[in-house]
Each structure stands twice: as structure tokens, then as C-alpha cells.
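Listed here are the chains, written in short residue letters.
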Amino acid sequence: MIIYKTITGIQQYLQKKKIEGRAIGFIPTMGALHSGHISLIKECTNSQSLTICSIFVNPVQFNDPKDFEKYPSTIEADILLLEKNNCTVLFLPDIKEIYPEGLNSAKKYELGEIETVLEGKYRPGHFQGVCRVVHRLLDIIRPDQLYMGQKDYQQCMVVRKMLELTGLSQSVTLNICPTIREDSGLALSSRNIRLDETQKKQAAVIFKSLQFIRDHLKKMPFFEIEEKVKLHLSDNGFEQIDYVAAVNANDLSEIKNTKDTAPVVILIAAFTGGIRLIDNMILK
């Protein structure tokens, strides 16, 4: 695996590969890598694309500075994991490389309601920061394929919207890959590093709650389901519940008719031990 820390270096390398006719696959990450990230790496390598991974903890997508400070960093382990799983190139830039004009110079993305609900409601400005860094990275790497995980479902929807707004959807294909889970059902996340064993057991209740919603969505009013799930989460050590929701999977809009045939995504965001966890499930 080759590691590049500068834009000039990685672009010179990729330009040669494109002349050779190689397709480029890209996995943007913030490090603290786990099996979920590796599933994206494998998906990319299986497509016969050059596999480019980036590690960059993006400061402009954290609406809570303390969350940014606490974000786990495991760079040496990350490098070993990427090498072991046949990543071709790691792009490891610093902040000045990504934001040469500073953090405050920002383009506004007209994302519409998709950035004001759910995560957007509780993390104002978060998705503008996500779009900003993904757009920047795509301009640098210029991949053919982009790989992201379903665990961050709303983020995937936002990035898809950004690709449409910027015209990048004509040259980049977004691949949304399934969530990878522990045996307990807990969705793999870099934030899980901060959970102790007791909290990990508590956190698995989120997936069980998603299963409960799935099994009862057609049998009882959603406000009753929401009330039961929130009570169950609270009884199992979750000190704050941001949302329990069932929305249209295409645009995250409210479901007004339970007989609607549009796909549904159910989502939960809650805190245990001061750590915010999210998960979702798509219902066909």
C-alpha cells in the first residue's frame, strides 16, 4: 500500500493509472477503522477497481467541539488493517491540505429538507460539513465509484443529493453497502471504541428496538410504537433519545399513509454513557 499525504502526490499517481485505463474506487473515512470499513474496501477490490481510502477527521462536520476532540485516533492500527486487506492507496492529508483557505470559507449546499430532519435537526450544520469534505475529496481523487455504509443512512442520502447538485453524479457512482454488525446486532461504528462492555450490551438494544418496530409497524399506530421503544431504551440505560422514526426511504419524508408502497427506513439515535449512537433498518 502506498501512502500519500499531499494532493500533488496522489493526483500524479492517479493520473498515470487513469492513462492505463484503471477504474478508481474511493472509500472516505475518518479512521478508527473496523470491519464495516473493511467491508467497503472488499466491495471495492472485488470490482477490480484501484482501491483508494482516505483518513481525515473532518472538523467542520462536528457541531460539538468536544465530540471532535474525543473522536478516536488509531492511525497505526488503521494502516496495518488497510495493508492486510489489499488497499491500494491511503490518502492521509492534514487540515491545511484539505482546507487551504481555512475552515470558515464554505460553499452552501442547497440540500432542502433532507438536512433539517433527524440528524440534521439535532446536529445543525453537520451535513454542510459532510458535503464540503466529500466534495473536496472527490475533486482530489476523481473516482469512478464511491463506497459508503448504510449505517449512516441519512449521510448517504445527503451525499447523493450533493452529487446531483454539483453534477458529480454524472461521473461518480455512489454504492451504499450493508451495515456490518456484531453478533449482538450492534452496528459497527468508530464510536463503539468508547463503549465499555456494559455499555456495549446496552447498545445492542438499539438493534432489538429496530426489529420490534419492523415487526409491529403494520399492527399498531406509530406513536404507540415510538412510546414503547423510547421507554425500553430508557429502561436499558439510554439517558437521552434524540429520535425514533419511520420515514420514506427515498427522501426521509413523513409517512402519511401506512398503506403507501414506498420503501420505509426506520431510524434511532440515542445516547449511552454520553456516547451518541445511530442505527437504521430499511423495510422493503
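Worth saying up front: this structure is predicted, and the values here are computed from it rather than measured.

1. Overview of helix α8 (residues 153-166)
Logical step 1: Between its first and last C-alpha, α8 extends 20 Å over 14 residues, near the 20 Å set by a 1.5 Å rise per residue.
Logical step 2: Backbone geometry just downstream of α8 places Gly167 in the positive-phi region, at approximately 80 degrees.

2. Quick word on the state of the cysteines
Logical step 1: Applying the stated criterion across every chain, the model contains zero disulfides.
Logical step 2: Cysteine Cys177 remains unbridged, with the sulfur of Cys156 as its closest cysteine sulfur at 8.7 Å.
Logical step 3: Its relative accessible area of 4% is what places Cys177 among the buried residues.

3. Quick look at the sheet that holds strand β7 (residues 240-248)
Logical step 1: The antiparallel open sheet is built from three strands, whose spatial order is β7-β8-β9. Edge positions in the sheet fall to β7 and β9 (275-283), since each of these pairs with one other strand and no more. Within the sheet, the average angular offset between the axes of one strand and its neighbour, ignoring direction, is 10 degrees.
Logical step 2: The strands that helix α10 (residues 205-216) touches are β7, β8 (264-272) and β9; relative to β9, the one it contacts most, it runs at about 30 degrees.

Cut-offs applied
The written sequence of each chain sets the order in which its residues are numbered from 1. Local features in this predicted model are restricted to residues of pLDDT 70 or higher, and side-chain atom pairs are both shown and tallied only at a pLDDT of 80 or more, whereas totals for entire chains, interfaces and linings draw on every residue. Heavy atoms from the whole structure form the basis of all side-chain values; hydrogens and water molecules are not counted. In this description a helix means any DSSP run of H or I spanning at least four residues, a strand means any run of E spanning at least two, and both kinds are numbered starting from the N terminus. Between the first and last residue of a helix there are one fewer steps than residues, each counted as 1.5 Å, and that sum is the expected span. By convention in this document, the label disulfide applies to cysteine sulfur atom pairs within 2.5 Å. For every residue, the accessible area obtained with a 1.4 Å probe (protein chains only) is divided by the maximum for its type, and the residue is called buried under 20%, exposed over 50%, and partly exposed between those limits. A strand pair is defined by DSSP finding two or more bridges across the two strands. For helices, the fitted axis covers only the stretch in contact; all axes are lines through C-alpha atoms, and the angles between them, taken along N-to-C directions, range from 0 to 180 degrees. Between two residues, a contact is recorded if the distance between any of their heavy atoms is within 4.5 Å.

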